[in-house]
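For reference, the chains in residue letters:
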Amino acid sequence: QVQLVESGGGLVQPGGSLRLSCAASGSIFSINTMGWYRQAPGKERELVATITSGGSLNYADSVKGRFTISREKNMVYLQMNSLKPEDTAVYYCTLRFLSRSYWGQGTQVTVSS
């Protein structure tokens with residue numbers, strides 16, 4: 001009965017910033033990985049960034065230097081700077097532990113002038 005609640009999506013101009021938040025609740029093992037995936041129209045879902053409970057980071061090449069993932073316990077954030085139109089997608093929060101995966105509902109991020 002794990003639940004992920006996302007917030008922070010919206011419309012932003014190219015070069016702007018957004019901060020996504022995701023709160024996980026329920027019975028969550030202390031050793032886990034949280035992160036963000038995204039899916040743009042007509043494209044496959046792709047990994048954006050992940051962070052383990054130990055603080056290990058992983059970023060997609062396309063967002064390195066622009067996005068920053070962080071977490072506080074079972075809350076994960078994605079700070080998105082220097083946004084590009086190519087970043088437009090539905091962003092999904094993820095949680096993985098003990099061979100199980102959980103997904104948020106997704107939040108729309110649109111980068112357009």
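Just above sits the structure.
Residues numbered from 1 in each chain as written. Predicted model: local features only at pLDDT ≥ 70, side-chain atom pairs only at ≥ 80, totals over all residues. Heavy atoms only, no water.

## Regarding the environment of Gly 8
Here Gly 8 shows up in the loop between strand S1 (3-7) and strand S2 (10-12). For Gly 8, a relative accessible area of 32% corresponds to the partly exposed category. A sequence separation of 14 residues divides Gly 8 from Cys 22, and the C-alpha atoms of the two residues are 8.9 Å apart. Every residue in contact with Gly 8, bar those within four places of it in the chain, is listed here: Leu 18, Arg 19 and Leu 20. (Helix = DSSP H or I, 4+ residues; strand = E, 2+ residues; numbered from the N terminus. Buried < 20%, exposed > 50% of the residue type's maximum accessible area, 1.4 Å probe, protein only. Contact = heavy atoms within 4.5 Å.)

## Digging into the sheet that holds strand S3 (residues 18-25)
Strand order in the open sheet made by the 4 strands is S1-S3-S8-S7, with antiparallel pairing throughout. Two strands bound the open sheet, and with one partner strand each, they are S1 and strand S7 (67-72). Averaged over neighbouring strand pairs, the angle between their axes works out to 15° when direction is ignored. Bridging between S1 and S3 involves 5 bridges; their strand directions are antiparallel. (Pairing = 2+ DSSP bridges. Axes fitted to C-alpha atoms, helices over the stretch in contact; angles between N-to-C directions.)

## Focus: a nonpolar patch on the surface
On the surface, Phe 29, Ile 31 and Leu 98 cluster together into a nonpolar patch covering about 310 Å² of accessible area. You can call Leu 98 exposed: its relative accessible area is 56%. (Patch = residues over 30% accessible without salt bridge, like charges linked within 9 Å, V, L, I, M, F, W, Y side chains within 5 Å. Areas by Shrake-Rupley, 256 points an atom, 1.4 Å probe, with all protein chains shown as cover. Salt bridge = Lys/Arg side-chain N within 4 Å of Asp/Glu carboxyl O.)

## A closer look at the pattern of salt bridges
Counted by the stated rule, this structure contains 4 salt bridges. Across the pair Glu 46 and Arg 38 runs a salt bridge, and its minimum N-O distance is 2.8 Å. With relative accessibility at 6%, the residue Arg 38 sits in the buried group. Here Arg 38 and Asp 87 are joined by a salt bridge, their closest N and O atoms 2.9 Å apart. Taken together, the residues span a long stretch of sequence, with Arg 38 in strand S4 (residues 33-39) and Asp 87 in the loop between strand S8 (75-80) and strand S9 (89-97) at a distance of 49 residues. The class for Asp 87 is buried, based on a relative accessible area of 2%. Three or more residues are tied together by salt bridges with common partners; here these are Arg 38, Glu 46, Arg 66 and Asp 87.

## Remarks on the side chain of Arg 38
In terms of polar contacts, Arg 38 uses its side chain to reach the side chain of Glu 46, at 2.8 Å. Of the polar contacts made by the side chain of Arg 38, one reaches the side chain of Asp 87; its length is 2.9 Å. Residues in contact with Arg 38, not counting those within four places in the same chain, are Glu 44, Arg 45, Glu 46, Val 48, Ser 62, Val 63, Phe 67, Glu 86, Asp 87, Ala 89, Val 90 and Tyr 91. (Polar contact = N/O pair within 3.5 Å; in protein donor to acceptor, adjacent residues only side chain to side chain.)

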